[in-house]
Amino acid sequence: MVTARTLLPSLLAVALSACTVGPDYVRPDVPVPDTFIQSQAPADANEAAAAVDPAFWQAFGDPQLTALVEQALASNHDLRIALANFDRANALLRGSKFDYFPTITASAEGSDSRASADQAPGVARGDRDGESYSAGLDVAWELDLFGRIRRNVEAGRAGAAASAADLEAAQVAIVGEVARTYFDLRGLQERLRVARGNADNQRETLRLVDARLDAGRGTEFDTARARAQLEATSSRIPALEAQLAFDMHRLGVLVGRTPDALVAQLEPSRPLPALPAKLDAGTPGELLRQRPDIAAAEQRLHAATARIGVATADLFPRFTLGGLIGSQAIDTNMLFERSSETRFVALGIDWSFLDIGRVRARIAAADADAEGELARYEQTVLLALEETENALVRYARARTEDAHLERAAADSATAARLARVRFDAGAVDLFEVLDAERTQLQAQDAFAASRTRSAVGAVSLYVALAGGWPDALPMREAVGKR
């Protein structure tokens, strides 16, 4: 005779040796090149490419930028959202793990009843009264014989890992946006300085032309031309000031504060940092290990693969072990006495074998989800490679452009100075002075804009390489405690 004492160990043994249906996850093999095509050796054989510093914002040597990044990592609202999503995924994972264990429910009940005379004819009123008391523990446990629970936990674990990678990707994006906005702001300040300086020079030119006109040696035509050039240069200043204000407001929000919070702090000008001639991008294989968006895409593929197993498990019967142990009596004094003991053990089997069409439809849908996640993973890898190649070529060409524009700015300043001297000596007319000053403004503004693009390009390259992120970022410390 099979009793509960012999049935339970047998079921436990079967459960422990149960199989897990559905495909096991295998990391897809995405072919990548051995090197980046745009990762060229330095022109000077003795010049080494700079390695990508994990905390890359510190490599620029700007304490204000470092402070802004740290504030953003601690208080940015997008990061708070990503952290909340990570907490949610972890909570769901913890909840799914409880399915491994029995569900135990405690219950108790007490009742006082009286039957009517019609229900108990001929019975005295007092004898129609009755009391009943019961207390017990109900146990329900799904035996995971075919791995439905295991696959569900596996999917939850991969989902939590994807949320952790999403958090890191959000950190990369926020730090990159802070650095890019900060360098754009410093570049705008330099362009504003150039515009104001040229406006001052042109204002001095106009003063000299007015003086020559008053002395009878100039013409109204010269005065009008000089004044028109001054007004054209002055018109650049309001637009640059507006863009400057936009960047200050953006940085305020990025660090989790109001748009006006950093205006006083950021208004004093600072120069753009010195940039390395070349950056060591490493190899595409290293990129795949570093990029959090690739890790997130892979974990979502893992979760989708595990969910195929969850759906496949519905092809097989679901076994549930249920039980109850308790006490039932008509008097509270007799509750929990040996004579009032109750118990119940049952093995339930739930198998919707006639619903096989719906089950196979769910399996097909899970297969399609996994196929879509595979394509998304492969696309993420390709986009990461493309982004890095583009960042490499953009940064290299920007540095070359800087060198040309730096020389052009210096030469145009020399030409403008010499034109002024020759004009004062009467060797050239006003047109040559105005043309030289206009060329100087264009060259200096172009150089400042190019330097800004180079700094922003360096940040974009660091972001594309995911910076080799350190393990001690403020938000990651918070994640590690959960």
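Definitions and cut-offs
- Residues numbered from 1 in each chain as written.
- Predicted model: local features only at pLDDT ≥ 70, side-chain atom pairs only at ≥ 80, totals over all residues.
- Heavy atoms only, no water.
- Helix = DSSP H or I, 4+ residues; strand = E, 2+ residues; numbered from the N terminus.
- Buried < 20%, exposed > 50% of the residue type's maximum accessible area, 1.4 Å probe, protein only.
- Contact = heavy atoms within 4.5 Å.
- Areas by Shrake-Rupley, 256 points an atom, 1.4 Å probe, with all protein chains shown as cover.
- Salt bridge = Lys/Arg side-chain N within 4 Å of Asp/Glu carboxyl O.
- Pairing = 2+ DSSP bridges.
- Phe/Tyr/Trp six-rings, centres within 6.5 Å; stacked < 30°, edge-to-face > 60°.
- Core = buried A, V, L, I, M, F, W, Y, C linked by side-chain atoms within 4.5 Å.
- Expected span 1.5 Å × (residues − 1).
- Axes fitted to C-alpha atoms, helices over the stretch in contact; angles between N-to-C directions.
- Parallel < 35°, antiparallel > 145°, perpendicular 65-115°, else oblique.
- Nonpolar A, V, L, I, M, F, W, Y, C, P; charged D, E, K, R; others polar.

**Student:** Any details on the overall build of the protein? Residues and values, ideally.
**Tutor:** Looking only at helices and strands, the protein features eleven helices and four strands. By residue count, 39% of the 482 residues in the protein fall in the buried class. Once local pairs closer than 6 in sequence are excluded, the contacts in the protein between residues at least 24 apart make up 84%. By element, 55% of the accessible surface of the protein is carried by carbon and sulfur atoms, the whole surface being about 26000 Å².

**Student:** An account of the pattern of salt bridges is needed here, citing residue identities and associated values.
**Tutor:** Tallying each qualifying case throughout the model produces 25 salt bridges. Between Glu-373 and Arg-376 there is a salt bridge, with its nearest N and O atoms 3.0 Å apart. Of this pair, Glu-373 and Arg-376 both sit in helix α9 (residues 356–424), three residues apart, which is roughly one turn of the helix. Note that Arg-399 and Asp-402 form a salt bridge whose closest N and O atoms lie 3.2 Å from each other. Separated by three residues within a single helix, Arg-399 and Asp-402 lie in helix α9, roughly one turn from each other. For Asp-402, a relative accessible area of 4% puts it in the buried group. One network of salt bridges, in which partners are shared, links Glu-142, Arg-148, Asp-314, Arg-318 and Arg-362.

**Student:** If you had to explain the pairing of strand β3 (residues 318–329) to someone new, which residues and values would you point to?
**Tutor:** Summarising the sheet, strand β2 (residues 129–143) and β3 pair through eleven bridges and their orientation is antiparallel. Bridge assignment links Leu-137 to a residue of β3, and that residue is Ile-325. Here ten bridges tie β3 to strand β4 (residues 341–350), and the two strands are oriented antiparallel to one another. Paired with Leu-321 across the two strands is Leu-347, which belongs to β4.

**Student:** How would you summarise the packing of aromatic side chains if you had to cite specific residues and measurements?
**Tutor:** On inspection of all chains with the given rule, the structure shows six aromatic pairs. By the ring-pair criterion, three or more aromatic residues cluster together here, those being Phe-56, Trp-57, Phe-60, Tyr-182, Phe-183 and Tyr-462.

**Student:** For the environment of Ser-269, give the residues involved together with the corresponding values.
**Tutor:** Mapped onto the elements of the fold, Ser-269 is located in the loop between α6 (263–266) and α7 (284–290). Taking the C-alpha atoms as reference, Ser-269 lies 9.6 Å from Leu-188; in sequence the two are 81 residues apart. Leaving out residues up to four positions away in the same chain, Ser-269 has contacts with Arg-186 and Gln-189.

**Student:** Summarise the nonpolar core; cite the residues concerned and give the values.
**Tutor:** Core analysis: the largest hydrophobic core is formed by 59 residues, its most contacted members being Phe-56, Phe-60, Leu-65, Val-178 and Leu-251. Looking at this core, the elements that each hand over two or more residues are α2 (63–75), α3 (77–97), α4 (148–214), α5 (220–254), α8 (292–312), α9 and α10 (430–464). Counting residues per element, this core draws most heavily on α4, at 13 residues. Contact partners of Val-178, with chain neighbours within four places excluded, come to Leu-65, Leu-68, Val-69, Ala-72, Leu-251 and Leu-254. If you look at the next biggest cluster of nonpolar residues, it comprises 13 residues, including Ala-199, Ala-226, Val-428 and Leu-430.

**Student:** An account of α10 is requested, with residue identities and associated values reported.
**Tutor:** Taking 1.5 Å of rise per residue, 35 residues should cover 51 Å, and α10 covers 50 Å from first to last C-alpha, within 8% of that figure. Of all 35 residues making up α10, 25 are buried, and the element is well covered by its neighbours.

**Student:** For the packing of α3 against α4, give the residues involved together with the corresponding values.
**Tutor:** Following both chains from N to C, one finds α3 and α4 inclined at 170°, their axes separated by 9 Å at the closest point. With respect to their mutual orientation, α3 and α4 come out roughly antiparallel. The residues of α4 that touch α3, namely those facing Asp-78, Leu-79, Ala-82, Leu-83, Asn-85, Phe-86, Ala-89, Asn-90, Leu-93, Ser-96 and Lys-97, are Asn-152, Val-153, Gly-156, Arg-157, Gly-159, Ala-160, Ser-163, Ala-164, Leu-167, Ala-170, Gln-171 and Ile-174. Its residues placed into classes, the contact of α3 with α4 shows twelve nonpolar, eight polar and three charged.

**Student:** How would you summarise the environment of Gly-61 if you had to cite specific residues and measurements?
**Tutor:** Following the sequence through the fold, Gly-61 ends up in the loop between α1 (4–16) and α2. Since its relative accessible area comes to 60%, Gly-61 is described here as exposed. Along the sequence, Gly-61 and Pro-273 sit 212 residues apart, while their C-alpha atoms lie 7.3 Å from each other.

**Student:** Quick one: what's the story with the sheet that holds β4, residue by residue and with numbers?
**Tutor:** Two modes of strand pairing occur in sheets, parallel and antiparallel, and in both the strands are linked by backbone hydrogen bonds. Strand order in the open sheet formed by four strands is β1-β2-β3-β4, with antiparallel pairing between adjacent strands. Because the sheet does not close on itself, it has two edges, and the strands there are β1 (103–114) and β4. Adjacent strand axes in the sheet meet at a mean angle of 20° when their direction is disregarded. Taken together, the twelve bridges between β1 and β2 define a ladder with antiparallel strand orientation. Note that in β2 the partner of Ser-113 across the bridge is Gly-130.

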